[in-house]
Amino acid sequence: MDSSDIQRKRITVVGGGLVVAHSVPMRARMIHSLSGKQSAIPYGTKSRYILSISRENLNKDLLTAVEKYPNTKVYFGHRLLKCNPEERTITVLGSDNVPKDVTCDLIIGCDGAYSTVRAHLMKKPCFDYSQQYIPRGYMELTIPSKDGEYAMEPNYLHIWPRNTFMMIALPNKDKSFTCTLFMPFEEFEKLQTSQDVLDFFYKHFPDTIPLIGQQNLTDFFPLPAQPMISVKCSPFHFKSRCLPMRDAAHAIVPFFRQGMNAGFEDCLVFDELLDEFNNDLSKYICLPEFSRLRIPDDHAISDLSMYNYKEMRAHINSRWFIFQKNVEKFLHTIMPSTFIPLYTMVTFSRIRYHEAVLRWHWQKKVLNKGFCFFGALIAIGTTYLLMSSRSPRLQDYLRRPWDWVTNFQNTTCFPANSMESLEQISNVTNR
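**Brief notes about the overall build of the protein chain**
When you go through the protein chain residue by residue, the secondary structure sums to 16 helices and 15 strands. Here the protein chain, with 431 residues, has 41% of them falling under the buried criterion. In the protein chain, the proportion of contacts linking residues at least 24 apart, taken out of those at least 6 apart, comes to 66%. As displayed, the protein chain has an accessible area near 24,600 Å², and 56% of this comes from carbon and sulfur atoms.

**Description of the pairing of strand S8 (residues 99-103)**
Sparse coverage of S8 is indicated by the burial of 0 of its 5 residues. In terms of strand pairing, strand S7 (residues 89-93) meets S8 through 5 bridges, oriented antiparallel. Bridged to Thr91 within S8 is Asp101. Counting the residues that bridge the hairpin from S7 to S8 gives 5 residues, and of these Asn97 lies at a positive phi of roughly 60°.

**Quick notes on the sheet that holds S7**
Here we have 3 strands laid out as an open sheet, ordered S6-S7-S8, and antiparallel in their pairing. Each edge of the open sheet is held by one strand with a lone partner, namely strand S6 (79-84) and S8. Here the average twist between neighbouring strands, direction ignored, is 25°.

**Some points on the confidence of the model for the protein chain**
Detailed reading of the predicted coordinates is not advisable wherever pLDDT falls low. Of the residues in the protein chain, 85% reach a pLDDT of 70 or more, and the chain-wide mean stands at 83. Note on residues 1-5: pLDDT is under 50 here. Beyond four places in sequence and across chains, it has 27 contacts.

**Examining the side chain of Arg118**
One can find Arg118 in helix H3 (residues 116-121). There is no salt bridge for the buried Arg118, and the closest opposite charge comes from Asp111, which lies 6.8 Å off by N-O distance. Leaving out residues up to four positions away in the same chain, Arg118 has contacts with Gly112, Ala113, Phe127, Tyr129, Val231, Cys233, Asp247 and Ala248.

How each quantity is defined
Residues numbered from 1 in each chain as written. Predicted model: local features only at pLDDT ≥ 70, side-chain atom pairs only at ≥ 80, totals over all residues. Heavy atoms only, no water. Helix = DSSP H or I, 4+ residues; strand = E, 2+ residues; numbered from the N terminus. Buried < 20%, exposed > 50% of the residue type's maximum accessible area, 1.4 Å probe, protein only. Contact = heavy atoms within 4.5 Å. Areas by Shrake-Rupley, 256 points an atom, 1.4 Å probe, with all protein chains shown as cover. Pairing = 2+ DSSP bridges. Axes fitted to C-alpha atoms, helices over the stretch in contact; angles between N-to-C directions. pLDDT = per-residue confidence, 0-100. Lys, Arg positive; Asp, Glu negative; His and termini not counted. Salt bridge = Lys/Arg side-chain N within 4 Å of Asp/Glu carboxyl O.

Here is the structure:
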């Protein structure tokens, strides 16, 4: 996962701030072109960076933090079978294979994109649900360390954009990189043999072959590509008894690197609401307020994640896109509180996700109008200079449009006495 300085505060609230030591800072995107050329796109100022964190270490740190609370019990090897919010009970299956009913004051479901808790709520009236599988899968690869050091520059999110697909690499503390190849399923299906895999990488990612290794590539690809799902639902709560969170409520595709952060923010907002309502869940206010606050934000980051895939795999190759990013960076420098790039709003601030989207759309309109205005000025100025350099008399002519009428009269097809000529012809005919 990735985490900015703002997300680090979210983690501190949830997990005690233990994860920072296990993270690697990334200060920019490093774009790898097909020719092997590398170019960096910073996330903002030099003080801004995101963190690459191992999920394994993160899970360990969170478990260590939760075990410090004396009123908390952690059970391993149990599976949730049923959820019954009406009776405030759940049914779990332990290692003894004997179902056991557990009574709860509040059921918080963090059981993933295929949530059992959410599946029960879907049977309730007025509960909206939608899911979308994108037509692309992913496969994880590894770039091992080289002589005990990183094989590439470590403080970057490395991206190999190839229009219809892409590969990324995130640094780990053990000096390796975790690579993820995102690609349409039909492209994965074409890679049937080891030679197919090598030919594909030599064609599209030639600079990664010595980093990953030919043997490692052919070992990874017999594994099937994994699907990616986006889930939306509403509301997030059932009365004052049940509350799905994180992927159970809003699974998103990973292209904005905000899935875990959005989950942490769920916890942070819920914690703030518990403080506001004095931990009182009996008045049917706290959970509805959580739904009211989080639904527009979590749906917004879901849509942004879909958009960001297009940006990372295709737009980032465009010079026009790079120019726009530089303009946004310049405007943010001179007007830091008025113009804020989308990535900065999402990653480096507590601006709500849906508010960031609204502001982003407004800023895009302003930028597009500005580009059109300056483009028109450049076109008019260029045309004027070209015409004036070729014909000074033409320039003088264009400056006096009132002379055009006179000129038209002098060059018309009909002379001034044309009516007299017609009358003479008519008289001859009568005679």
